Amino acid sequence: MDALITLAATEQAMGEDGLGTGLVLMVVGMGVVFVALTLLMVVVLVLKRLLPPQVADDPAPAPATGDAGITPELLAVLSAAAVAATGGAARVTRVTAAREDHT
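None of these values were measured; they are calculated from a predicted model.

Cut-offs and rules
- Residue numbers run consecutively from 1 along every chain, following the written order of its sequence.
- pLDDT decides what is reported in this predicted model: residues at 70 or higher carry local features, side-chain atom pairs at 80 or more are listed and counted, and totals for whole chains, interfaces and linings draw on all residues regardless.
- Side-chain numbers come from the whole structure's heavy atoms, not from hydrogens or water.
- As a per-residue quantity, pLDDT reports the predictor's confidence and falls between 0 and 100.
- The way it works is that DSSP assigns letters per residue, a run of H or I at least four long becomes a helix, a run of E at least two long becomes a strand, and they are numbered from the N terminus.
- Note on patches: the residues involved have over 30% relative accessible area and no salt bridge, like charges join within 9 Å, and the nonpolar side chains Val, Leu, Ile, Met, Phe, Trp and Tyr join within 5 Å.
- Per-residue and other accessible areas follow the Shrake-Rupley method at a 1.4 Å probe size, with only the shown protein chains counted as cover for residues.
- The working definition used for a salt bridge is a side-chain nitrogen of Lys or Arg within 4 Å of a carboxyl oxygen of Asp or Glu.
- Three labels apply to residues, based on accessible area from a 1.4 Å probe with only protein chains included: buried if under 20% of the type maximum, exposed if over 50%, partly exposed otherwise in between.
- By definition here, a helix of n residues has an expected span of 1.5 Å times n minus one.

Enquirer: I would appreciate a short explanation of the confidence of the model for the protein in the present structure.
Expert: If pLDDT is low for a region, its predicted coordinates should not be looked at in detail. Chain-level statistics for the protein give a pLDDT mean of 77 and a share of 65% at 70 or above. No element of the protein has a lower mean pLDDT than helix H1 (residues 2-14), at 57, and none a higher one than helix H2 (residues 19-50), at 95.

Enquirer: Hey, could you run me through a nonpolar patch on the surface in this one?
Expert: Taken together, the side chains of Met 41, Val 42, Val 43, Leu 45, Val 46, Leu 47, Leu 50 and Leu 51 make up a nonpolar region of the molecular surface, amounting to roughly 750 Å² of accessible area. On the secondary structure map, Val 46 appears in helix H2. Accessibility expressed as a relative area gives 43% for Val 46, which makes it partly exposed.

Enquirer: Help me understand helix H3 (residues 72-86) in this model?
Expert: For an α-helix, the turn length of 3.6 residues means that residues three or four places apart are oriented alike. Compared with the 21 Å implied by 1.5 Å per residue over 15 residues, the 21 Å span of H3 between its first and last C-alpha is a close match. Remark: Gly 87 follows H3 within two positions and exhibits a positive phi of approximately 75°.

Okay, here's the thing in structure tokens:
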């Protein structure tokens, strides 16, 4: 019996159909999420500008083994191409020659 009284009181508080209250609640919830994500984005952008990027020390180049016909010059060219393509965020650690048998 108490559950029916509570249900009736809830329906009266929400209005006849409760649709208006549901829409207001949805808009307020979406607004809160939008504002929170916008503030998070602003904080990340501010921190990105305030803190300098951490640059790792240049690691020692991988030793050229000379196996599979890969010369030190070819390894240097491949390493330079990888660094140029990624803006300096690459390090060649292993190079293997592709097999040429297409049978």
